[in-house]
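Structural overview
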Amino acid sequence: MLHIYRTTARSKRALIGYGHIRQILVPPTGRQQRSPLCWPIRHCSANVRTFDTMLSTRRAEARKSILVQVSSERSYNELYHYCSQFGTIQSSHHYRVDGDGDGDCHYILLEFGSSAEADAAMQSGVFSTERPGVRARSIFLWFRTGPKPKLIAQEEPKRSLALIDGTQPIQEAELNGLLTAAESIDDQVTVLHRVTKLNDLGKRLRFLAVRQLESSLQGMFPQAVAHPFGSSVNGYGRMGCDLDVIMDLDSRSGEPPDRNSRLVYHTKATNPNERTQVQRQLESIGDVLQLFLPGVNSVRRILKARVPIVKYHHEHLDLEIDLTMNNTAGVYMSELLYLFGQLDARVRPLTFCVRRWAQSVGLTNQTPGYWITNFSLTMLVMYFLQQLARPVLPSINRLIQLSASCPPQTSAPVTRFGEGETEWAYTFLKNPSIYGSFRSENEATLEQLLVQFFEFYSQFDFSQRAISLNLGSTILKPDHSPMYIVNPLETVLNVSKNVNLEETELFRMQVRNAVWLLETHGKETGAPTEPWGLVSLFGPKQQERITPQMFFTKRLLNVKDIFDEVPADAPTQYRNPAVKSQVAAIQRATKAELHKLGAGGGGGSSNRTGGVEPRTSSPMEGTGVKLKRNTKRR
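An unreviewed UniProt entry lists the protein under the name Poly(A) RNA polymerase, mitochondrial, with Anopheles arabiensis given as the organism.

Looking now at the overall build of the protein. Counting its regular elements, the protein contains 20 helices and eleven strands. In the protein, which comprises 634 residues, the share counted as buried stands at 45%. Of the contacts made within the protein by residues no fewer than 6 positions apart, 70% connect residues no fewer than 24 positions apart. Roughly 34300 Å² of accessible area belongs to the protein as shown, and the carbon and sulfur atoms make up 51% of that amount.

Residues Val134, Leu291 and Phe292 make up a contiguous nonpolar surface patch of about 310 Å² in total accessible area. Here Phe292 shows up in helix H9 (residues 274–292). When its relative accessible area of 44% is taken as the criterion, Phe292 is described as partly exposed.

Quick look at the packing of helix H7 (residues 185–196) against helix H15 (residues 446–458) now. Between H7 and H15, the shortest axis-to-axis distance is 7 Å and the interhelical angle comes to 90 degrees. The angle between H7 and H15 places the two elements in the roughly perpendicular class. Of the residues in H15, those in contact with Ile185, Asp186, Val189 and Thr190 of H7 are Leu446, Glu447 and Leu450. Each residue belonging to the contact of H7 with H15 can be placed in one class, and the counts come to four nonpolar, one polar and two charged.

Moving on, we get to the UniProt feature "domain: PAP-associated" (unreviewed entry) in the protein. Annotation from UniProt places "domain: PAP-associated" (unreviewed entry) at residues 446–480. From the first C-alpha to the last, residues 446–480 spans 34 Å; its make-up is 37% helix and 23% strand.

Under the defined criterion, the tally for this structure stands at 19 aromatic pairs. With 6.1 Å between their ring centres and 50 degrees between their planes, Tyr383 and Phe456 make a pair best called tilted. Placement of Tyr383 in helix H12 (residues 374–386) and of Phe456 in helix H15 is noted, with a sequence separation of 73 residues between them. Of the residues examined, Tyr383 reaches a relative accessible area of 4% and is grouped as buried. Three or more aromatic residues joined by ring pairs form one cluster here, namely Trp357, Tyr383, Phe384, Phe453, Phe454, Phe456, Tyr457, Phe460, Phe462 and Phe507. We note Arg348 situated over the ring of Tyr236; from NZ or CZ to the ring centre the distance is 5.6 Å.

Looking now at H12. With 13 residues, H12 extends 19 Å between its outermost C-alpha atoms, agreeing within 8% with the 18 Å of an ideal straight helix rising 1.5 Å per residue. The element H12 is largely enclosed, with a buried count of eleven among its 13 residues. For H12, the full list of buried residues reads Ser376, Leu377, Thr378, Met379, Leu380, Val381, Met382, Tyr383, Phe384, Leu385 and Gln386.

Our focus in this paragraph is the nonpolar core. In terms of nonpolar packing, the biggest core is built from 121 residues, with Phe340, Trp357, Tyr457 and Phe507 touching the most fellow members. Counting contributing residues, this core receives three or more from each of domain 1 (53–146 + 158–171) and domain 2 (367–406 + 425–538). What Tyr457 contacts, discounting residues up to four positions off in sequence, is Leu380, Tyr383, Phe384, Phe462, Ile467, Phe507, Arg508 and Val511. Val70, Tyr76, Leu110 and Ala118 belong to the second-largest nonpolar core, a separate cluster that totals 15 residues.

Right, let's talk about the sheet that holds strand E7 (residues 296–302) for a bit. Pairing is mixed in the open sheet, where five strands are placed in the order E5-E6-E9-E8-E7. The outermost strands of the open sheet, each flanked by one partner alone, are strand E5 (225–229) and E7. Across this sheet, the average inter-strand angle for adjacent strands is 25 degrees, counted without regard to direction. Its contacts with the sheet put helix H8 (residues 200–217) on E5, strand E6 (243–248), E7, strand E8 (309–314) and strand E9 (319–325), and the angle it makes with E6 is roughly 25 degrees.

Turning our eyes to something else, we now look at the environment of Gly99. Relative to the helices and strands, Gly99 resides in the loop between strand E2 (89–97) and strand E3 (105–112). Taking the C-alpha atoms as reference points, Gly99 and Glu315, separated by 216 residues in sequence, lie 9.8 Å from one another.

Right, let's talk about helix H13 (residues 396–405) for a bit. Taken as a whole, H13 has its buried residues at Ile396, Leu399, Leu402 and Ser403. Along the axis of H13, the buried positions cluster into a sector of 115 degrees, meaning they face one direction only. Along H13, the residues that are exposed and aim more than 90 degrees away from the buried face are Ala404 and Ser405.

Now for the side chain of Ser458. Mapped onto the fold, Ser458 is located in helix H15. Here Ser458 falls in the buried class, since its relative accessible area comes to 11%. Excluding residues within four positions of it along the chain, Ser458 makes contact with Arg508, Val511 and Arg512.

What counts and what doesn't
Residues numbered from 1 in each chain as written. Predicted model: local features only at pLDDT ≥ 70, side-chain atom pairs only at ≥ 80, totals over all residues. Heavy atoms only, no water. Helix = DSSP H or I, 4+ residues; strand = E, 2+ residues; numbered from the N terminus. Buried < 20%, exposed > 50% of the residue type's maximum accessible area, 1.4 Å probe, protein only. Contact = heavy atoms within 4.5 Å. Areas by Shrake-Rupley, 256 points an atom, 1.4 Å probe, with all protein chains shown as cover. Patch = residues over 30% accessible without salt bridge, like charges linked within 9 Å, V, L, I, M, F, W, Y side chains within 5 Å. Salt bridge = Lys/Arg side-chain N within 4 Å of Asp/Glu carboxyl O. Axes fitted to C-alpha atoms, helices over the stretch in contact; angles between N-to-C directions. Parallel < 35°, antiparallel > 145°, perpendicular 65-115°, else oblique. Nonpolar A, V, L, I, M, F, W, Y, C, P; charged D, E, K, R; others polar. UniProt positions renumbered as here; feature names shortened; annotations may be inferred. Phe/Tyr/Trp six-rings, centres within 6.5 Å; stacked < 30°, edge-to-face > 60°. Lys NZ or Arg CZ within 6 Å of the ring centre and 35° of its normal. Expected span 1.5 Å × (residues − 1). Core = buried A, V, L, I, M, F, W, Y, C linked by side-chain atoms within 4.5 Å. Domains from an automatic or database assignment. Pairing = 2+ DSSP bridges. Arc of directions from axis to C-beta.

What follows is the structure, given as structure tokens:
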């Protein structure tokens, strides 16, 4: 319902109001139990899908689906009637990808009733003689023009398009309109989460990419499995997020062989250096992706990194994909975060709000660097929810204790992969009973939790204490890292090791500023025309109030900027008026001193001034050096 609303809202933006907010705040079940603004956000029920169940469901959907490129969404009726001959179409979704110059590319995702019906539709495809290329069969097809339909009117499809333009993220102006029309900050956080989170179509497209990876390698490696991890599957992904995948070429390597069989496969000897072996395998997989897989382009091999990775773009899915191997920790961490989100329904909306705030004030950045990552921010939110007087989330050690007291409801075998699994991951993550074992007694609203989050970290001692989600408390920092968050999987590692002192102090300043904004920009305290709540928290004026340049040098400094020559008559530009005043005062004082020395020395040069001719120039003038922040030194 939400995304159908978003499609219609783009053509009727002036109608944004309480009625539209009501549609978003209604629970997903659609049952009107009570007024949506009084709908309690507490813990989830025990009947929730586990991480493995969710993955299995999404894989099954991808197995029954094909993706067809069409001229526009108006081609759906004709496509529906043509593909109905192969089986029953369960659902259909439309989206478009921005084109280079020939217009946008439109796609329709069709889900059949069974995988056999989807295979039949795929096998009916033919290769184009007009578009030469590598002839590879895949689930990515295009719908070419057929014979003109008869004049007899065709009946409407039994199932209409569930989504139109379903992958377009909400625009900033539209989001601000929705947030402004909300009744409280609590409702704003809920609206922000529901209109920016990764929707059903986005998840389906990501599992299509996973299926393409598996099917392309299973001819040579029948047990090859691609494991998605990260924000695409842990429940914290937003529209347009990247897809992270771990490729396991032999998912059954740990199983004991059948001793009754006397035939043994010949295998290729591997490199004794595991890292070198992974690098060579990823390099070869990157060649396969670039040369043979339809839709894959811009393949980049980053093999010298700490974790070797292959990055590529899928033009049909409009998706950036990161592929790695033998990194099982990512899957375990994704399952842990998914579990936290299922234990209480307030966890994900609060995390979305904190991430959006951090992005708006410049705390996070898409490129790697010394700033806080979204993963570190998520860890900070999880720890904050653990340490409350009435915890919203339990510590990991507490989850292990609860799992030991709750035997699994089913004895279904768990598929393991990789080498050297972490034991604690299997002590509770693979126990379905753990999802209903904890109930929080905390009744705080999302607005209260958001304010408490900012207040908590505005007073947190990052200089001495480290954060541990395993214990649900702080410990003394093992080293001198400005911010230390213990890795729950490998407790000797620091999740936020990349964060430097400048970014840590900037985080503390920004959380203090956020507390002040929420207190002074409430809906009741501000003027009717002024932004309030989250709109004021995310607004562009936020970065003008406090910036790291007031206290530190710039994050990234080009060495060229230090030595660029500045013409003597070129005016110096200052970003901070206070710095400009200080430099002007220093210049005036220096000129006065030089004038006195020149008058006493008869206008000649003076050794005390370093051989400077006071009549022609001063140490501040004519140096030809441009310093950081466009200031000059004495």
